[in-house]
Amino acid sequence: MKETLAKLEEFHGHLGPYVVVGCRMGELALRLLGAKKYFELKIASKAGTTPPVSCMNDGLQLATGCTYGKGNIKASDEGMPEAVFIQGARSLKIALLPSMQAEMGQWLRQDGERTAAARVYELKDEELFEWEFMDTE
Ligand SMILES: [Zn+2]
């Protein structure tokens, strides 16, 4: 676990809760879809380009190997901590639970970003996210 957080910090430049959210979300998507890293997925993120929520996009890239350079991740500017993972004809939507987003904001203010990030990393998938499979049209 420490190793993953260190990689996230190295790649992203700092450790905050949203980069961890992205990483956990990406790992969950790979697991639920049974997909391999780098080439088997496309990601449509809604996390936009404004931190802290957009920090999620870097966690997604690190966890899934989908990168802006390869064009298999895109972020639309809704500023929402959710993403759709597309694997062929299947897709999976994963969103951070609104209650968790509120709690994370509180941890950030009270305990600072590193502590908030470590705490997010310890949570179970069901505590962090809601998800559903969708048909790709
Ligand atoms: Zn960040």
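Use the structure listed above.
Okay, so let's go over this structure. (Residues numbered from 1 in each chain as written. Predicted model: local features only at pLDDT ≥ 70, side-chain atom pairs only at ≥ 80, totals over all residues.)

A tally of regular secondary structure across the chain gives six helices and five strands. Beginning at the N terminus, the succession of helices and strands in the chain can be written as α-α-β-α-β-β-β-α-α-α-β. On C-alpha atoms alone, the chain measures out to a radius of gyration of 14 Å, which is about the 14 Å that the 2.2 N^0.38 rule sets for 137 residues. In terms of overall dimensions, the chain has a C-alpha envelope of 45 × 30 × 25 Å along the principal axes. Sorting the 137 residues of the chain into buried and exposed places 33% on the buried side. Pairs at least 24 residues apart make up 74% of the contacts formed inside the chain by residues separated by at least 6 positions. (Helix = DSSP H or I, 4+ residues; strand = E, 2+ residues; numbered from the N terminus. Rg over C-alpha atoms; globule rule 2.2 N^0.38 Å. Buried ≥ 20, exposed ≤ 12 C-beta atoms within 10 Å, placed from the backbone. Contact = placed C-beta atoms within 7 Å.)

Residues A116, A117 and V120 constitute the buried set of helix α5 (residues 113-122). Seen from one end, α5 has its buried residues packed into an arc of 100°, which puts them on one side. The inward-facing, buried residues of α5 abut α1 (2-12), α2 (17-33) and α4 (98-111). (Arc of directions from axis to C-beta.)

Moving on: the sheet that holds strand β5 (residues 129-135). The five strands are arranged β2-β1-β3-β4-β5 in an open sheet whose pairing can be described as mixed. On the outer flanks of this sheet lie β2 (73-75) and β5, each paired with one strand and no other. Pairs of neighbouring strands in the sheet enclose a mean axial angle of 15°, with direction left out of account. Where strand β1 (residues 42-45) and β2 come together, three bridges link them in parallel fashion. Directly across from A44, in β2, lies its bridge partner K74. The strands that α2 touches are β3 (82-87), β4 (90-96) and β5; relative to β4, the one it contacts most, it runs at about 150°. (Pairing = 2+ DSSP bridges. Axes fitted to C-alpha atoms, helices over the stretch in contact; angles between N-to-C directions.)

Turning our eyes to something else, we now look at the packing of α2 against helix α3 (residues 56-64). Two packed helices can be described by the angle between their axes and the distance between those axes. Packing of α2 against α3 leaves a shortest axis separation of 6 Å and a crossing angle of 40°. Read as a crossing pair, α2 and α3 show a hand that is right-handed. Facing α2, whose interface residues are Y18, V19, V20, V21, G22, C23, M25, G26, E27, A29 and L30, α3 presents M56, N57, D58, G59, L60, L62, A63 and T64. (Left-handed = near helix turned anticlockwise from the far one by under 90°.)

On to α3. For an α-helix, the turn length of 3.6 residues means that residues three or four places apart are oriented alike. Within α3, eight of the nine residues are buried, which leaves it mostly tucked inside the rest of the structure. M56, N57, G59, L60, Q61, L62, A63 and T64 are the residues of α3 that are buried. Looking at the packing, one finds that the buried side of α3 touches α1, α2, β1, β2 and β3. Positive backbone phi, approximately 75°, marks G65, located one or two places after α3.

Ranked by internal contacts, the top residues of the largest apolar core, which has 32 residues, are V19, V20, V21, M25, I43, M56 and L60. Among the elements of the structure, α2, α3, β2, β3, β4 and α5 are those that each provide at least two residues to this core. The leading source of residues in this core is α2, at seven residues. Beyond its immediate sequence surroundings of up to four residues, V19 is in contact with L8, H12, C55, M56, D58 and G59. (Core = buried A, V, L, I, M, F, W, Y, C linked by C-beta atoms within 7 Å.)

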